[in-house]
Amino acid sequence: MDELLIRKRRLRKSPGLRAMTAETRLQVENLIAPFFVKEGTGADELIPNMPGQFRCSIGSLVDRCRRIHALGIPAVLLFGIPDQKDECGSSAYDPDGIIQRAVRALKKDVPGLVVITDVCMCEYTSHGHCGLLSGDTVDNDATLPLLARIAVSHAEAGADIVAPSDMMDGRVIHIRRALDAAGHKDTAILSYASKFASGFYGPFRDAAGSAPSFGDRKAYQMNPANPREALHEALLDVDEGADMLIVKPALPYLDIIHAVR
């Protein structure tokens, strides 16, 4: 065996060497804590399908975020649960909506915390779909101005990052232009670039009360059988001005994308 010049195990023989040569590192600074924020001041509501997770009021949110920030977690991602829903999801872009008030409270009481907001309409529409309806179809182009309006309202409240998760074509560039026009050039966009239609969303939809009242979302969320299309979606969002990208759900679907590459 003396002829073996290349021995990869040389760099694995001790914890110090393994740590020094690790290509992927998961540290507390990489974490984002998600929160479901509800109206009112009552007790937190346990989410049955998410053990240990709660729908919390703004006051409780602030307390929880103080604790996680003290632990070194740098960021949170907020999902709103409004009291009122309608066909156009108007509470999503209400300047005094649940997310807008939550963002203002966090920026005031937990300085230094990075606040990311989900930009979508499914939690706010009476039909549970991610955009305006034309008959039984989600109207992509009619939805874009409303998504941009939501994003601007979040930025006005102080959000550091807006995260569109709706999978409408062209939403990133519409949001980028609207943010810039409103004076929020430094507000970043974290795009759900490749969001696959998936049964994994079941617990989330229960938590946010966002299940569609009819049909499904396969006409706008991605087909898991199409990894090349997922890569194309990601590149399109980069070209439109996205600062960061999300693949959702991550683990099994990232494996599909890696396989095609």
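Note: the structure precedes this text.
My aim in this report is to walk through the structure given alongside it, one point at a time. (Residues numbered from 1 in each chain as written. Predicted model: local features only at pLDDT ≥ 70, side-chain atom pairs only at ≥ 80, totals over all residues. Heavy atoms only, no water.)

### Quick word on the pattern of salt bridges
For the coordinates displayed, the defined rule picks out twelve salt bridges. A salt bridge links Arg101 to Asp96, with the shortest nitrogen-to-oxygen separation between them at 3.7 Å. Under the relative-accessibility criterion, Arg101 is labelled partly exposed at 25%. Asp96 is the salt-bridge partner of Arg104, the closest N and O atoms lying 3.4 Å from each other. Each of Glu39, Asp96, Arg101 and Arg104 takes part in salt bridges that share partners, so that together they form one network. (Salt bridge = Lys/Arg side-chain N within 4 Å of Asp/Glu carboxyl O. Buried < 20%, exposed > 50% of the residue type's maximum accessible area, 1.4 Å probe, protein only.)

### Points about the side chain of Asp237
In this structure, Asp237 sits in helix H7 (residues 227-240). For Asp237, a relative accessible area of 4% puts it in the buried group. Apart from the residues within four sequence positions on either side, Asp237 is in contact with Arg171, Val172, Ser191, Tyr192, Ala193, Ala242 and Leu245. (Helix = DSSP H or I, 4+ residues; strand = E, 2+ residues; numbered from the N terminus. Contact = heavy atoms within 4.5 Å.)

### Some details on the sheet that holds strand S4 (residues 75-81)
Picture the strands of a sheet paired through backbone hydrogen bonds; they go either parallel or antiparallel. On the basis of which strands lie adjacent, the open sheet formed by eight strands has the order S2-S3-S1-S4-S5-S8-S9-S10 and mixed pairing. Because the sheet does not close on itself, it has two edges, and the strands there are strand S2 (45-46) and strand S10 (244-248). The pairing of S4 with strand S5 (residues 114-119) spans four bridges and is parallel. Bridge pairing in S5 links Ala75 to Val114. Relative to the sheet, helix H2 (residues 58-70) contacts strand S1 (32-38), strand S3 (54-56) and S4, its axis offset from that of S1 by approximately 165°. Running at roughly 170° to strand S9 (residues 188-195), helix H5 (residues 171-181) makes contact with S5, strand S8 (161-164) and S9 of the sheet. (Pairing = 2+ DSSP bridges. Axes fitted to C-alpha atoms, helices over the stretch in contact; angles between N-to-C directions.)

### Re the packing of H2 against helix H3 (residues 98-109)
Contact geometry of H2 with H3 gives a least axis separation of 10 Å together with a crossing angle of 40°. The angle between H2 and H3 places the two elements in the oblique class. As for the relative orientation of H2 and H3, their crossing is right-handed in sense. Contact residues: Ile58, Leu61, Val62, Cys65 and Arg66 in H2; Ile98, Arg101, Ala102, Ala105, Leu106 and Asp109 in H3. (Parallel < 35°, antiparallel > 145°, perpendicular 65-115°, else oblique. Left-handed = near helix turned anticlockwise from the far one by under 90°.)

### Here's the deal with the packing of aromatic side chains
All chains considered together, the criterion is met by one aromatic pair. With a centroid separation of 5.4 Å and 25° between ring planes, the pair formed by Phe36 and Phe79 is classed as stacked. One end of the pair, Phe36, is in strand S1; the other, Phe79, is in strand S4, and 43 residues separate them in sequence. By the burial criterion, Phe36 is buried, and Phe79 matches it. Just above the ring of Tyr201 sits the side chain of Lys195; from NZ or CZ to the centre is 5.6 Å. (Phe/Tyr/Trp six-rings, centres within 6.5 Å; stacked < 30°, edge-to-face > 60°. Lys NZ or Arg CZ within 6 Å of the ring centre and 35° of its normal.)

### Description of the nonpolar core
Counting 48 residues, the largest nonpolar core has Phe35, Leu61, Cys65, Val76, Leu78 and Leu106 as its most contacted members. Secondary-structure elements contributing two or more residues to this core are S1, H2, S4, H3, S5, helix H4 (140-157) and H5. A total of eight residues in this core trace back to one element, the largest contributor, which is H4. The residues touching Leu78, leaving out its near neighbours within four places in the chain, are Phe35, Val37, Leu61, Ile99, Ala102, Val103, Leu106, Val115, Ile116, Thr117 and Asp118. (Core = buried A, V, L, I, M, F, W, Y, C linked by side-chain atoms within 4.5 Å.)

### A short note on empty space enclosed by the protein
A full pass over the atoms with the stated rule returns one cavity of 30 Å³ or more. Of the pockets and cavities examined, the largest cavity occupies roughly 90 Å³. Lining of the largest cavity is provided by 13 residues; of these, Cys122, Lys195, Phe204, Arg217 and Lys248 occupy positions nearest its centre. Those elements that place two or more of their residues in the lining of the largest cavity are S9 and helix H6 (202-208). (1 Å grid on protein atoms, 1.4 Å probe; cavity = no way out; pocket = protein on both sides within 12 Å on 5 of 7 lines; lining within 4 Å. Points joined across faces, edges and corners; volume = space filled by probe spheres on them.)

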